[in-house]
Amino acid sequence: MTRRASRVVSGSRVTGRLHLGNYVGALENWVRLQSEYRCFFFVADWHGLTTSYEDTTEFRSYVEEMYLDFLAVGLDPAQVVLFVQSDVKEHAELHLLLSMVTPLAWLERVPTYKEQLQQIAGREIATYGFLGYPVLQSADVLMYRGELVPIGQDQLPHLELCREVARRFNHLYGPVLPEPQALLTEVPWLPGIDGRKMSKSYENEIRLGSSPAEIEERVRRMVTDPARVHKSDPGHPEVCVAYRFHTLFNAAAREETETECTRAGIGCVECKQRLAKAIIRYLAPVHERREQYAAQPGLMQDIRQDGARRARREAAAVLESIREAMRV
Ligand code: TRP
Ligand code: SF4
């Protein structure tokens, strides 16, 4: 029998369509966790809105596609409570209640806040909503009495704030909220096809939903060893983006690829054809499930509604004990 001791909560912020970098980072890890813990995983659409509220033309389709991707990677709605944040309005109420106890100074010193203000140029994100991002994230976690939160390094300041908010709440109103802990996800370094960070804003990503032809096209454009002009020039795999992908998605042939490259035994075109095949093979189960679900929009709706219903049941109970403690 599986032990369902700890409660695991995590979300994925909606920024566009999910890519391979999201998969080998967060999602594969979620799939591993789903049978061991009581998991609550969700599409964090309101978090996406904090930075993309100005243009929401594609927003609903991003949310639906992310939910579809969750199912496609093998998250099992029978095992996991799988939902969309905005389907569970309780998150908004808890966000509001927690905002009462969160000192402004705590939010202003969250490092990601200042960094993002500077980095995200061309968008007005000096908003109330964006400052409150970590309060909303705290509500997400505390709503389910989350104990473990699988996240990447970049999210640690948000979790630290969540712990501080829980502590302050408990100090003021009595011990109601457990302090969650991070379950730090080891994320292998996966660049985009141009060698920069994989991101949809650079258009250098390989999407989870890409067709085999699109994967081939992106792999063909991958940056290789710039010193390798002719097939007869020995290559340096360590500087080649395609080789980096080989080590992750074509690991069984890693040594062979390295040897053939350094001995100029294979050309980059062929090497990348092999890589594209390997990535397509790797993603085949994801694609298969994605197509099955995409062909049944009614079923998708039912699964999403059922996930929301189960999340709300949990959320309503915890929220009631929070209101009780706060006497509101
Ligand atoms: N902020 C997280 C990210 O950008 C997404 C997120 C929202 C989250 N709510 C959460 C992660 C709750 C963990 C727990 O990746
Ligand atoms: Fe990269 Fe392969 Fe070309 Fe070597 S042969 S440089 S590993 S693409």
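Residues numbered from 1 in each chain as written. Chains lettered and ligands numbered in written order. Predicted model: local features only at pLDDT ≥ 70, side-chain atom pairs only at ≥ 80, totals over all residues. Heavy atoms only, no water.

What about the environment of R32?
Heads up, the rule is: Numbering goes from the N terminus for both helices and strands, where a helix is a DSSP run of H or I of at least four residues and a strand is a run of E of at least two. Using a 1.4 Å probe on the protein chains alone, a residue whose accessible area is under 20% of its type maximum counts as buried, one over 50% counts as exposed, and one in between counts as partly exposed.
Relative to the assigned elements, R32 resides in helix α1 (residues 20-33). Given a relative accessible area of 52%, R32 falls into the exposed group.

Description of the domain arrangement of the chain
A common measure of how large an interface is: the accessible area buried when the components associate. Heads up, the condition is: Marked domain ranges trace back to an automatic or database domain assignment. Whether two residues are in contact is decided by their heavy atoms: any pair within 4.5 Å suffices. Throughout, buried area stands for the accessible area (probe radius 1.4 Å) lost by two parts on being put together, summed over both.
On domain assignment, one finds that the chain holds domain 1 (7-190 + 297-326) and domain 2 (210-290). Contacts between the two partners involve 14 residues from domain 1, matched on the other side by eleven residues from domain 2. Summing both sides of the interface, domain 1 and domain 2 together bury roughly 1100 Å²; the carbon and sulfur share of this comes to 66%. For domain 1, the biggest contributors to the area lost against domain 2 are L20, A72 and L190; these three give 42% of the whole.

What to know about the site of ligand 2
Rules: Definition of nearness: a residue and a molecule or strand are near each other if at least one heavy atom of the residue lies within 4 Å of the molecule or strand. Nonpolar residues are Ala, Val, Leu, Ile, Met, Phe, Trp, Tyr, Cys and Pro. Charged residues are Asp, Glu, Lys and Arg, and all others, Gly as well, are polar.
Ligand 2 sits among T224, D225, R228, C240, A242, Y243, C261, C268 and C271. Taken together, the elements giving at least two residues each to the shell around ligand 2 come down to α11 (241-249) and α13 (268-294). For the shell around ligand 2, the class distribution of residues is six nonpolar, one polar and two charged.

Quick word on the nonpolar core
Applied cut-off: Here, the term nonpolar core denotes a set of buried Ala, Val, Leu, Ile, Met, Phe, Trp, Tyr and Cys residues that are joined through side-chain atoms within 4.5 Å.
Within the largest apolar cluster, 50 residues are counted, with the highest numbers of intra-cluster contacts made by L20, F70, I206, M222, F245 and I279. Counting residues per element, this core draws most heavily on helix α3 (residues 59-72), which supplies nine residues. Residue-level mapping places this core at the junction of two domains, with at least three residues from each of domain 1 (7-190 + 297-326) and domain 2 (210-290). Discounting chain neighbours no more than four positions away, the residues touching I206 are H19, L20, I193, M198, I215, R218, V219, M222, F245 and I279. Among the nonpolar cores identified, the runner-up in size contains 43 residues, and F83, W106, A311 and L319 belong to it.

With respect to the site of ligand 1
Our working definition: N or O atoms within 3.5 Å of each other form a polar contact, as long as, within protein, one can give a hydrogen and the other can take it, and as long as residues adjacent in sequence are counted only when both atoms are side-chain atoms. Each accessible area value is a Shrake-Rupley result obtained with a 1.4 Å probe; residue values ignore everything except the protein chains displayed when judging cover.
Neighbouring ligand 1 are 13 residues, the closest being H47, Y133, Q137, D140 and Q155. At a separation of 2.7 Å, a nitrogen atom of ligand 1 approaches a polar side-chain atom of D140. Taking Q155, its side chain carries an N or O atom lying 3.0 Å from a nitrogen atom of ligand 1. Within the complex, the protein chains bury 90% of what would otherwise be the 360 Å² of accessible surface of ligand 1. Put simply, the parts of the chain that give the shell around ligand 1 at least two residues each are β1 (7-13), β2 (38-44), α8 (133-142) and β4 (148-151). Per-element accounting of the shell around ligand 1 gives the leading share, four residues, to α8. Classifying every residue of the shell around ligand 1 gives six nonpolar, five polar and two charged.

Quick notes on the pattern of salt bridges
Let me state the cut-off plainly: Every case where a carboxyl oxygen of Asp or Glu lies within 4 Å of a side-chain nitrogen of Lys or Arg is listed as a salt bridge.
A full pass over the atoms with the stated rule returns 25 salt bridges. For R274, the salt bridge is made with E256, and the minimal N-O distance between the two is 3.7 Å. Of this pair, R274 sits in helix α13 while E256 sits in helix α12 (residues 254-262), and the two are 18 residues apart along the sequence. Of the residues examined, R274 reaches a relative accessible area of 29% and is grouped as partly exposed. For E256, a relative accessible area of 44% translates into the label partly exposed. In this structure, D306 and R309 form a salt bridge, with 3.3 Å as the shortest nitrogen-oxygen distance. Here the residue D306 and the residue R309 both occupy positions in helix α14 (residues 297-326), the gap between them amounting to three residues, near one helical turn. Judged by its relative accessible area of 30%, D306 falls in the partly exposed class. Look at R309 and you get exposed, because its relative accessible area is 51%. Taken together, the shared-partner salt bridges connect E205, R207, E217, R218 and R221 into one network.

Concerning a negative patch on the surface
What counts is decided by this rule: Here the term patch refers to residues with relative accessible area over 30% and no salt bridge, with like charges joined within 9 Å and nonpolar side chains (Val, Leu, Ile, Met, Phe, Trp, Tyr) within 5 Å. When charges are counted, neither His nor the chain ends are considered; positive counts come from Lys and Arg and negative counts from Asp and Glu. Here the site of a charge means NZ on Lys, CZ on Arg, CG on Asp, or CD on Glu.
There is a patch of like negative charges on the surface, built from E54, D55, E58 and E124. With respect to the helices and strands, the residue E58 is situated in the loop between α2 (45-52) and α3.

Section: the side chain of D225
Among the structural elements, D225 can be located in the loop between α10 (212-220) and α11. Look at D225: it is buried, it has no salt bridge, and the nearest opposite charge is R228 at 6.1 Å. In this structure the side chain of D225 is engaged in a polar contact, spanning 2.9 Å, whose partner is the backbone nitrogen of A227. In terms of polar contacts, D225 uses its side chain to reach the backbone amide nitrogen of H236, at 2.8 Å.

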